[in-house]
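Structural description and commentary
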Amino acid sequence: MDRRSLLTVATGAVGAVAASQAPAGATLPAHPGPGRRPVTAFNVISDIQGDLRDLGVALDDMRRTNPVSSGLAVAGDITPRGYDAEYAAVAAELKRHSHPRTVAWAIGNHEFYVPKWRDPETLAQDTWPNGTTEDSLFRSFYRFAGRGSVRAEHSFGGVPVLSIGTEKYMHYHDPKLWDEVWIGEAQFAWLEERLAYWARRRKPVMVVTHHPLPNTVSGSHNRLYSRDYLQADRLLGILGRHRDVFLFCGHTHWDLALSDWYVRRVVPGTANPEGFSVVNTGAVQTGYTDDGKGGEVTVPGTFNQGLQVEVFHDRVVVRARDFAAGAWLKQITVPLSTWI
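Here goes a summary of the coordinates provided. (Residues numbered from 1 in each chain as written. Predicted model: local features only at pLDDT ≥ 70, side-chain atom pairs only at ≥ 80, totals over all residues. Heavy atoms only, no water.)

1. Examining the pattern of salt bridges
- Taken as a whole and judged by the stated rule, the model has 15 salt bridges.
- The partner of D61 in a salt bridge is R321, with the nearest N and O atoms 2.7 Å apart. Pair noted here: D61 is in helix α1 (residues 52–65) and R321 is in strand β17 (residues 315–322), with a separation of 260 residues, a long-range link. Of the two residues, D61 and R321, neither departs from the other in class, the shared state being buried.
- The partner of R241 in a salt bridge is E192, with the nearest N and O atoms 2.6 Å apart. With R241 in the loop between α5 (232–239) and β11 (245–249) and E192 in helix α4 (residues 185–200), the pair connects residues that are 49 residues apart, well separated along the chain.
- You can call E192 partly exposed: its relative accessible area is 32%.
- Taken together, the shared-partner salt bridges in this structure form one network comprising D61, R64 and R321. (Salt bridge = Lys/Arg side-chain N within 4 Å of Asp/Glu carboxyl O. Helix = DSSP H or I, 4+ residues; strand = E, 2+ residues; numbered from the N terminus. Buried < 20%, exposed > 50% of the residue type's maximum accessible area, 1.4 Å probe, protein only.)

Written out as structure tokens, the structure is:
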């Protein structure tokens, strides 16, 4: 089963926001200017999928552009298949490069692909799951991430970063399903409580997840990615209440040069007509874009993209980066509803 066949439907709208966006190809400032330093700055990448060379390039480039980064968020697909040796290879590559001490890992669908293989050299999808248990896949992720659950909270320079993700690999539970995201009651309650907690403290919250929510950023309107969440409406309802939430998602590998790399998602019934921010994270391994026929096509040439996020007292600046070219692609400035 290819990673690009998924499932669910949710309604909603992409709303306008009082934000300024620099277009692709624009010359972006190297820093925000004297006396206007951010409270903190961090980086977001996704979809490494075994491309360790490009991961190293990305880490070195982030070190140059953001040498005092307070954290690195990785929005899933850390490995190509979820083998322990693949996690170990990522850890070894990290050790070879300077990187922030705090890393927030989110789980992706590729972390569940071991059952498609009889052994690391033999693809055997017809005999899925080839003796691999669902629990063993989660344990591998937990050992690597250094925690005991899919959800986690980190602090990047005082800014809360919440990682969320699926708690079931659905093909173990329904033969008609594969990579769809299922979130349990405890994780929903935790997310709701943490967002409310930080809203009372007037803090923006960064949420990191692998799959894009429907009708948000690049690719999420495409039939390939419009049904990733089995409880999309419920998740949208929780996030949609908070104007100063920023959701970072990967999975599609769609090019950050696209115009809908950033959107505001307005969720009806949440009493928040300005919506919340959703940002595509690009990908370290292989890029895709719309093929104009309801599918996608590979972006030619070297592809290695991610984000730099700068949090100020009154705004958040998200900057899209081409790590391979060492160039800024574009940026968005989003005003915060409260000063921090």
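2. Overview of the nonpolar core
- With 31 residues, the main nonpolar core has I45, V74, I78 and W105 as its most contacted residues.
- Of all the elements in the fold, those that place two or more residues in this core are α1, β4 (72–75), α2 (84–95), β5 (103–106) and α3 (134–145).
- Beyond its immediate chain neighbours, meaning those up to four positions away, W105 contacts V74, I78, V90, L94, F141, F144, A145, R147 and S163.
- Counting 27 residues, the second-largest nonpolar core is a separate cluster that includes M206, F248, V309 and V316. (Core = buried A, V, L, I, M, F, W, Y, C linked by side-chain atoms within 4.5 Å. Contact = heavy atoms within 4.5 Å.)

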